[in-house]
Amino acid sequence: MNDISDASRKKVLLFYNPHSGNGMFKNNLDLIISRFQNAGFIVVPVRAAHGDVLDNVFEFMDQSEFNQVIAAGGDGTINICVNAMIRNNIDLPLTVMPAGTANDFAYYFDLPHDINEMMDIALGGNFTYADLGKVNNKYFINVAAMGMLVDVSQKTDPNLKNTLGILSYYLKGLTEVTNLRPIPVKLTSSEFSSDENMYFMLVMNGRSAGGFKKISPNSEINDGLLDVMLFKEMPILEFGPLLVNILQGNHQENKNVIYFKTDNLVIESTEDVSTDIDGEKGEKFPLYFSVLPKKLRISTLYQDMKGPFW
């Protein structure tokens, strides 16, 4: 593992999405560069764009010269960065600067939204180990979802996202409820196997998704397990009580919810099911899930002494 205290590591790669959230992050670039320069670091900025720009950078960079990778944006931006890091065998601490509409991954680590507080963490040298989920050929940091509602973020107008924030997801979700129909799926894992009719389903690494802070309250991001929740076909009148349960964080006991933890899962269906990975378009069925335990080092305020072999 790289020694992040090595004095020769004087570069920092900053991957940022200028359009995340309200786009204000780019206005703080000068402050970020200034803070790093004062600490003796050189910032190498990479602007998020269509294509494989980050893969091209990682492929040719000498990571022995770098102290860390910073990803500034929402969960989708963090996902793009992490996937590129894994594909190119980049073993550096990852500093997350939440600047998107949905920042569920950052929420798990209680990361600040104030730019100076973010910089304090980036320069602090402390980190926590985090698992990484894998589904087919893609990795996810927070959540993989599938079903009738989970592509809401993909359908939500970007301008509405920037104006209304997470409220835009709720508004869009309400318009989709009347279109709900059950989807047949087959689940196979070491812990639970069954044929079910579902409305939607979540496979969680973190605890929140789409702004619902308690959607997976029992999740631990470094336990080597994924938290699986399947929301079964149900009468429309039972949606209200279920929503209340979700807001309270006790929906896992609801009769219409199947919940279990696992490190392996296969999901199959005879239908073409919409999927979503960290807010972006996901993989095609069948879905094969696994976990990479403590694969990431996330910069945090305090050091986590539980290393990868704890």
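For the structure given in this document, a descriptive report is provided here. (Residues numbered from 1 in each chain as written. Predicted model: local features only at pLDDT ≥ 70, side-chain atom pairs only at ≥ 80, totals over all residues. Heavy atoms only, no water.)

## A look at the overall build of the protein chain
Helix and strand counts for the protein chain stand at 9 helices and 15 strands. Here the protein chain holds 310 residues, and the buried ones make up 54% of them. The long-range share in the protein chain, meaning contacts at least 24 apart out of those at least 6 apart in sequence, stands at 76%. (Helix = DSSP H or I, 4+ residues; strand = E, 2+ residues; numbered from the N terminus. Buried < 20%, exposed > 50% of the residue type's maximum accessible area, 1.4 Å probe, protein only. Contact = heavy atoms within 4.5 Å.)

## Topic: the packing of helix H1 (residues 29–38) against helix H5 (residues 115–122)
Between H1 and H5, the least distance of the axes is 11 Å, while the angle of their chain directions is 35°. The two elements H1 and H5 meet at a crossing, and its hand is right-handed. Here H1 contributes Leu-31, Ile-32, Arg-35 and Phe-36 to the contact with H5, which in turn contributes Ile-115, Asn-116, Met-119, Asp-120 and Ala-122. (Axes fitted to C-alpha atoms, helices over the stretch in contact; angles between N-to-C directions. Left-handed = near helix turned anticlockwise from the far one by under 90°.)

## Let's talk about the pairing of strand S12 (residues 264–268)
Side chains Leu-265 and Ile-267 project from S12 onto a buried face, and the interleaved Asn-264, Val-266 and Glu-268 project onto a face without burial. Relative to strand S15 (residues 287–299), S12 is paired through 4 bridges, and the arrangement is antiparallel. Paired with Leu-265 across the two strands is Phe-289, which belongs to S15. (Pairing = 2+ DSSP bridges.)

## Side note on the packing of aromatic side chains
One pass over the structure, following the stated rule, counts 7 aromatic pairs. Judged by centre distance (5.2 Å) and plane angle (75°), the rings of Phe-105 and Phe-109 are edge-to-face. The burial state of Phe-105 is the same as that of Phe-109; both residues are buried. A ring pair is formed by Phe-127 and Tyr-129, whose centres lie 5.6 Å apart and whose planes are at 80°; its orientation type is edge-to-face. Given the relative accessible area of 7%, Tyr-129 is considered buried. (Phe/Tyr/Trp six-rings, centres within 6.5 Å; stacked < 30°, edge-to-face > 60°.)

## Quick word on the pairing of strand S7 (residues 143–147)
Where burial is concerned, most of S7 is hidden: 5 out of the 5 residues are buried. Both faces of S7 are covered, namely the face carrying Val-143, Ala-145 and Gly-147 and the face carrying Ala-144 and Met-146. In terms of strand pairing, S7 meets strand S9 (residues 194–204) through 5 bridges, oriented antiparallel. When the bridges of S9 are listed, Gly-147 appears paired with Phe-200. Of the pairings in the sheet, the one linking S7 to strand S13 (residues 275–277) comprises 3 bridges and is antiparallel in character. Its bridge partner being in S13, Met-146 is matched across the sheet by Thr-275.

## A short note on the nonpolar core
Ranked by internal contacts, the top residues of the largest apolar core, which has 40 residues, are Met-146, Met-201, Val-203, Phe-231, Leu-265, Ile-267 and Phe-289. Broken down by secondary-structure element, the contributors of at least two residues to this core are S7, strand S8 (183–188), S9, strand S10 (226–232), helix H9 (239–248), strand S11 (257–262), S12 and S15. Counting residues per element, this core draws most heavily on S9, at 7 residues. Counting 34 residues, the second-largest nonpolar core is a separate cluster that includes Ile-86, Ile-90, Leu-111 and Leu-132. (Core = buried A, V, L, I, M, F, W, Y, C linked by side-chain atoms within 4.5 Å.)

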